[in-house]
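Working through the structure, step by step
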Amino acid sequence: MKRIIVAIDGLSSCGKSTLAKGLAKSLHFAYLDSGAMYRAVTLYFLENNINYNDPESVADALQHIEIHFERIDGQNRTFLNGRDVEHDIREMSVSNHVSPVSAISAVRRAMVAQQQAMGKRRGIVADGRDIGTVVFPDAELKIYLIADADVRTSRRHLELAAKGIDAEWDAIQRNLLERDRIDSGRADSPLRQAEDALVIDNTLLSEEQQLEKALALVKEL
Ligand code: DC
């Protein structure tokens with residue numbers, strides 16, 4: 001398999017990371033979870049009481065943030081300043097602040113630069129909101145995933161429960177819709193479908209079916 005870049009974008013909880021992980025495994029590529037990076041920055045801001053509405057505080061804090069990924073027992077784990085934060089970044093407290101934090105241009109500049117550095121070797125599947133439009137505009141395959149909002153909420157609910165994170169279905173849906181609104185409406189690199197992206201609606205698809213569809217697209221390249 002040629003070392004290509006696969007970019008997957010879409011609204012919150014539409015199955016991007018499930019598809020990205022599945023594709024990365026099938027193709028023996030690396031997986032880049034760009035949302036985890038914005039979540040890690042948000043966790044840092046919350047834990048250190050950084051006023052993210054103050055540009056100087058943000059610029060200063062960004063100097064003290066180091067994020068990297070490690071694969072441990074076959075799982076992708078996110079590290080913030082040397083600490084495994086894979087669990088903590090999925091908490092609702094982080095979900096409730098991550099959209100305003102990721103709308104800050106200084107934050108985006110820092111994260112996008114790291115993501116592009118990780119993509120240099122190619123052979124990568126990345127998911128997020130601006131992967132096909134801003135981070136890897138020359139990706140060989142761009143997928144724009146869509147799914148019904150109730151289905152997305154139920155999937156998120158199950159996923160959080162499996163991780164031992166307790167959250168009400170309604171609170172999850174409010175958070176998803178609010179993030180969709182902010183992520184799609186922000187001035188700097190809003191979520192949108194790249195012109196050359198292919199749409200997969202997975203509302204009625206199983207994980208295996210969506211992976212099959214995406215692998216078929218890879219084969220067509
Ligand atoms: O993929 P996720 O739900 O874990 O992402 C969390 C938030 O991070 C999302 O609501 C918006 C932001 N994000 C972004 O702005 N750009 C990306 N490429 C990925 C995520």
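Okay, so let's go over this structure.

Parameters at a glance
- Residues numbered from 1 in each chain as written.
- Predicted model: local features only at pLDDT ≥ 70, side-chain atom pairs only at ≥ 80, totals over all residues.
- Heavy atoms only, no water.
- Helix = DSSP H or I, 4+ residues; strand = E, 2+ residues; numbered from the N terminus.
- Rg over C-alpha atoms; globule rule 2.2 N^0.38 Å.
- Contact = heavy atoms within 4.5 Å.
- Areas by Shrake-Rupley, 256 points an atom, 1.4 Å probe, with all protein chains shown as cover.
- Lys, Arg positive; Asp, Glu negative; His and termini not counted.
- Charge placed at Lys NZ, Arg CZ, Asp CG, Glu CD.
- Near = heavy atom within 4 Å.
- Polar contact = N/O pair within 3.5 Å; in protein donor to acceptor, adjacent residues only side chain to side chain.
- Buried < 20%, exposed > 50% of the residue type's maximum accessible area, 1.4 Å probe, protein only.
- Pairing = 2+ DSSP bridges.
- Salt bridge = Lys/Arg side-chain N within 4 Å of Asp/Glu carboxyl O.
- Core = buried A, V, L, I, M, F, W, Y, C linked by side-chain atoms within 4.5 Å.

A few points about the overall build of the protein chain
Each helix and strand counted, the protein chain has nine helices and eight strands in total. Computed over its C-alpha atoms, the radius of gyration of the protein chain comes to 17 Å, within 12% of the 17 Å expected for a compact globule of 221 residues. Over its C-alpha atoms, taken along the principal directions, the protein chain stretches across nearly 50 × 40 × 40 Å. Contacts in the protein chain between residues at least 24 apart in sequence constitute 73% of all its contacts with a sequence separation of at least 6. Carbon and sulfur atoms make up 50% of the accessible area of the protein chain, which amounts to about 10900 Å² in all. Taken as two groups, the 28 positive and 34 negative side-chain charges of the protein chain have centres that lie 4 Å from each other.

A look at the site of the ligand
If you check the shell around the ligand, you find 14 residues, and the closest are R39, R108, D130, D183 and R186. One nitrogen or oxygen atom from the side chain of R39 is found 2.7 Å from an oxygen atom belonging to the ligand. Between the ligand and R129, the relevant distance is 3.0 Å, taken from an oxygen atom to a side-chain nitrogen or oxygen of the residue. Coverage of the ligand by the protein chains reaches 96% of its 440 Å² of free accessible surface. For the shell around the ligand, the secondary structure elements donating two or more residues are helix 2 (34-47), helix 4 (92-102) and helix 8 (169-185). Ranked by the residues each element gives to the shell around the ligand, the list is headed by helix 2, at four residues.

Examining the pairing of strand 4 (residues 75-80)
Within strand 4, five of the six residues are buried, leaving the element largely enclosed by the surrounding structure. Linking two consecutive strands that pair antiparallel, namely strand 3 (residues 67-72) and strand 4, is a turn of two residues; a positive phi of about 50° is found at D73 within it. In terms of strand pairing, strand 4 meets strand 5 (residues 83-84) through two bridges, oriented antiparallel. Residue pairing in the sheet places F79 in a bridge with D84 of strand 5. If you look at the hairpin formed by strand 4 and strand 5, you'll find two residues sitting between the two strands, and N81 has a positive phi there, around 45°.

Things to note about the side chain of N202
Tracing the sequence through the fold places N202 in the loop between strand 8 (198-201) and helix 9 (207-220). A polar contact is formed between the side chain of N202 and the side chain of Q210, at a distance of 2.8 Å. Sequence-distant contacts of N202, defined by excluding residues within four places in its chain, comprise C14, G15, L145, I146, A147, R155 and Q210.

Section: the sheet that holds strand 5
The strand order across the open sheet formed by three strands is 3-4-5, and the pairing between neighbours is antiparallel. The open sheet terminates on both sides in strands that have one partner only, identified here as strand 3 and strand 5.

Let's talk about the pattern of salt bridges
Taken as a whole and assessed by the stated rule, the structure comprises 14 salt bridges. Residue R152 is joined to D180 by a salt bridge in which the shortest nitrogen-to-oxygen separation is 3.0 Å. In this pair, R152 sits in helix 7 (residues 149-162) while D180 sits in helix 8, placing the two residues 28 residues apart along the sequence. An identical accessibility class is assigned to R152 and D180; each is buried. Between R181 and E178 there is a salt bridge; the shortest N-O distance is 2.8 Å. Taken together, the positions of R181 and E178, both in helix 8 and three residues apart, correspond to about one turn of that helix. Taken together, the shared-partner salt bridges connect D33, E86 and R90 into one network.

Some words on the nonpolar core
By size, the foremost hydrophobic cluster in this structure holds 35 residues, and its most contacted members are V41, F45, I65, I67, V107 and F136. Of all the elements in the fold, those that place two or more residues in this core are strand 1 (5-10), helix 2, helix 3 (55-62), strand 3, helix 4, helix 5 (105-118), strand 6 (124-128) and helix 6 (131-135). In terms of residue count, the dominant contributor to this core is helix 2 (eight residues).

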